[in-house]
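Here is what each chain is made of, one letter per residue.
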Amino acid sequence: MKKMAIFLVFPQLRQTARLKRVRDYVLVYGPHPSQVARIHPSCALVLSLCTGGHSAMEIAWLYAQTYDIPEESAIETVKTILTRFPFALLLLPTRDPAPIERYSPKTFLFPGSNSTFDSSRNEPFEVPAGINLNLTFACNFRCIYCYQVVTNVTREMLPLSKCLSLAEEASTWGVVYFGITGGEPTLFPGWLTLVEKVLSCGMTPVMTSNGAVIGSSPSIARRLSVAGMERMTISLDASYPELHDRMTQSTGAFPRVVRAIQYLVEAGIRVVVKLVLTPINYADLEDFIDFVAGLGVEEVGISFQEGGATGSPANFLHSLTSAQIEEAGALVAKKARLLEGRCAIHPPKPPSLAWTDGVMPCGSLLMGMSIFPNGDVGICDKLPNASEFLYGNVLRQGLEEIWNGEQLQRIRSRTVDPSQIDAQCSSCTRLHECRTGCFVDSFNAAANYFAKHPDCGGPFSDPGGATPEKGQWRENSCN
């Protein structure tokens, strides 16, 4: 944003954006865990003033008066905040005649950390932003691209009562995202009750389902809507039954998945359809986009297949060719333009991007935890059986005790220990940003969790230059 342009916009906090105080900082976050940042309370005060009824210049003046700082300095600060969080803000060209005041600025008048903007993800969150609760490893599909461990055939599950208490404990602690996952989470008895509990605790449930159970009755979608569910992701990878059977290695489930989407849309829930593009469904891409848009789906997220846990089907599936990847990107861009305002099409990210392209690993080691059906806690849904990355059990310990425990500290320390990691990583100036990258990808490429990440363009000696902007992280596909 140019200096003069700040006079011309009227910022408004999006309805999907939220602000939450967690101890001495504030989280600004959207509906998905990829949209979260720690910010100083003074930054939250600026965001609270973004009602659509104040110009950016007026907000800067209020900011300067509140903190008794020079107006020029306040202008620069406000400009930075307004451009930092596009997922949270709309920049309206004119004043909103009915401004939306969602947060009182007084809420954020408390001492915070010295950092002015979002804290670096080089350091752990005091409270994890999100928790993934793997309800079950069971699934009624056997998708050809599944990244989970196929040998996890145990039917072990936590009691529903424990799941409900975990939701309450997480909310009280300050967690904002509560992932409900698996396997297929709707196979867990009482999953609806858990979703209702998460919503009643004020957290954002993050859930992806294959839709087979939800499509069995419209009452399920209605119950979710009454509970306050605003968004649901449904996994669908084909526009016709025969291809769906082949992709999921199941029989006859396609109509139920389609009904699930229809029931959710009719219940007023925003449906996001997730498509994994492989050589098998590649030719169906254009028809698929048209098909789901016709069902009333408001968002389509398209991704290329990714590597999975050791032994997962994803690691044995052929990849798309470079020409197919380029062609798919062009097709998705065209469809996104044609469907603009009706259905948002999120294009696939290339399956391999070097750090020089602005890609950074996910932050699950520092900002989230995964709980498995036996109660074990680890850093990633793809590592349920890797003892190196397990650091507690919710049947014996509380969440805060686990997060602050010695086991997790040792794991974090190991990721930056020169004697434990790749020699190139130990000499890299970005080591504390990535901690050797995705451990699963490294293991699949080199049989070593702490090897240099296969997509890394380093080691780097200059922390400036090509370094991606702070907070620009690759989305964690497990969420």
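Everything below is about the structure shown above.
Here is what the cut-offs are and how they apply
Residues numbered from 1 in each chain as written. Predicted model: local features only at pLDDT ≥ 70, side-chain atom pairs only at ≥ 80, totals over all residues. Heavy atoms only, no water. Phe/Tyr/Trp six-rings, centres within 6.5 Å; stacked < 30°, edge-to-face > 60°. Buried < 20%, exposed > 50% of the residue type's maximum accessible area, 1.4 Å probe, protein only. Lys NZ or Arg CZ within 6 Å of the ring centre and 35° of its normal. Helix = DSSP H or I, 4+ residues; strand = E, 2+ residues; numbered from the N terminus. Contact = heavy atoms within 4.5 Å. Axes fitted to C-alpha atoms, helices over the stretch in contact; angles between N-to-C directions. Parallel < 35°, antiparallel > 145°, perpendicular 65-115°, else oblique. Left-handed = near helix turned anticlockwise from the far one by under 90°. Nonpolar A, V, L, I, M, F, W, Y, C, P; charged D, E, K, R; others polar. Pairing = 2+ DSSP bridges. Salt bridge = Lys/Arg side-chain N within 4 Å of Asp/Glu carboxyl O. Arc of directions from axis to C-beta.

## Some remarks on the packing of aromatic side chains
Stage number 1. Tallied over the full model, the rule gives ten aromatic pairs.
Stage number 2. Ring plane angle 75° and centroid distance 6.3 Å describe the contact between phenylalanine 85 and phenylalanine 87, whose orientation is recorded as edge-to-face.
Stage number 3. For phenylalanine 85, a relative accessible area of 2% gives the class buried.
Stage number 4. Residue classification places phenylalanine 87 among the buried residues on the basis of a relative accessible area of 19%.
Stage number 5. Measuring from centroid to centroid gives 6.4 Å for tyrosine 103 and phenylalanine 108, while their planes differ by 55°, and the two rings are tilted.
Stage number 6. Judged by relative accessible area, which is 22%, tyrosine 103 ranks as partly exposed.
Stage number 7. The class of phenylalanine 108 is buried, set by a relative accessible area of 2%.
Stage number 8. Stacked on the ring of phenylalanine 110, the Lys or Arg arginine 21 has its end atom at 3.6 Å from the ring centre.
Stage number 9. Over the ring of tyrosine 147 we find lysine 382; its NZ or CZ atom is 5.1 Å from the centre of that ring.

## A few points about the environment of threonine 310
Stage number 1. Inspection of the secondary structure assignment puts threonine 310 in the loop between strand E11 (299-304) and helix H10 (322-338).
Stage number 2. Note: C-alpha distance between threonine 310 and aspartate 441 (131 residues apart in sequence) is 9.6 Å.
Stage number 3. Contacts of threonine 310, omitting those with residues within four sequence positions, involve Val149, Asn315, Phe443 and Asn444.

## Observations regarding the environment of glycine 182
Stage number 1. Tracing the backbone through its elements, the reader meets glycine 182 in strand E7 (residues 177-182).
Stage number 2. It is 7.8 Å that separates the C-alpha atoms of glycine 182 and leucine 133, two residues lying 49 residues apart in sequence.

## Focus on the packing of helix H2 (residues 56-67) against helix H3 (residues 71-84)
Stage number 1. Packing of H2 against H3 leaves a shortest axis separation of 8 Å and a crossing angle of 125°. Taken together, the axis directions place H2 and H3 in an arrangement best described as oblique. Relative to H3, the crossing made by H2 is right-handed. Two secondary-structure elements touch here, H2 through Ala56, Met57, Ile59, Ala60, Trp61, Tyr63 and Ala64 and H3 through Glu71, Ala74, Ile75, Thr77, Val78 and Leu82.
Stage number 2. Considering only residue class, the contact of H2 with H3 consists of eleven nonpolar, one polar and one charged.

## Focus: the sheet that holds strand E8 (residues 204-209)
Stage number 1. Taken in spatial order, the ten strands make up an open sheet running E12-E11-E10-E9-E8-E7-E6-E13-E14-E15, and their pairing is mixed. Edge positions in the sheet fall to strand E12 (344-346) and strand E15 (390-393), since each of these pairs with one other strand and no more. The sheet shows a mean angle of 25° between the axes of neighbouring strands, direction not considered.
Stage number 2. In this sheet, E12 lies alongside E11 in parallel orientation, the contact comprising three bridges. By the bridge assignment, glutamate 299 is partnered in E12 with alanine 344.

## Re the pattern of salt bridges
Stage number 1. Inspection of every chain in the model, using the stated rule, returns 13 salt bridges.
Stage number 2. The closest approach of N and O atoms between arginine 18 and glutamate 230, which form a salt bridge, is 3.5 Å. Remark: glutamate 230 occurs in the loop between helix H6 (218-227) and strand E9 (231-235) and arginine 18 occurs in strand E2 (residues 18-22); sequence separation between them is 212 residues.
Stage number 3. The partner of arginine 95 in a salt bridge is glutamate 58, and the shortest N-O contact between them spans 3.4 Å. You can see arginine 95 sitting in the loop between strand E5 (89-92) and strand E6 (130-136) and its partner glutamate 58 sitting in helix H2, a full 37 residues away along the chain.
Stage number 4. Arginine 95 sits in the partly exposed class, given a relative accessible area of 41%.
Stage number 5. Overall, glutamate 58 belongs to the partly exposed group, its relative accessible area being 33%.
Stage number 6. A single salt-bridge network, built from bridges that share partners, covers Arg231, Arg270, Glu298 and Glu299.

## Some remarks on the environment of aspartate 245
Stage number 1. Within the fold, aspartate 245 resides in helix H7 (residues 241-248).
Stage number 2. Between the C-alpha atom of aspartate 245 and that of arginine 142, which follows or precedes it by 103 residues, the distance is 9.8 Å.
Stage number 3. With residues up to four places along the chain from it excluded, the contact list for aspartate 245 reads Ser250, Thr251, Gly252 and Ala253.

## Things to note about the side chain of serine 171
Stage number 1. Checked against the element boundaries, serine 171 lands in helix H4 (residues 160-173).
Stage number 2. Not counting residues within four places of it along the chain, the set of residues in contact with serine 171 comprises Cys201 and Met203.

## Concerning helix H9 (residues 285-294)
Stage number 1. Restricting attention to buried positions, one finds in H9 the residues Leu285, Phe288, Ile289, Val292 and Ala293. The buried residues of H9 occupy an angular sector of 125° when projected down its axis, which confines them to one face.
Stage number 2. Each element contacted by the buried residues of H9 is listed here: strand E10 (270-277), E11, H10 and E12.
Stage number 3. A positive backbone phi angle near 95° is found at glycine 296, which sits one or two residues after H9.

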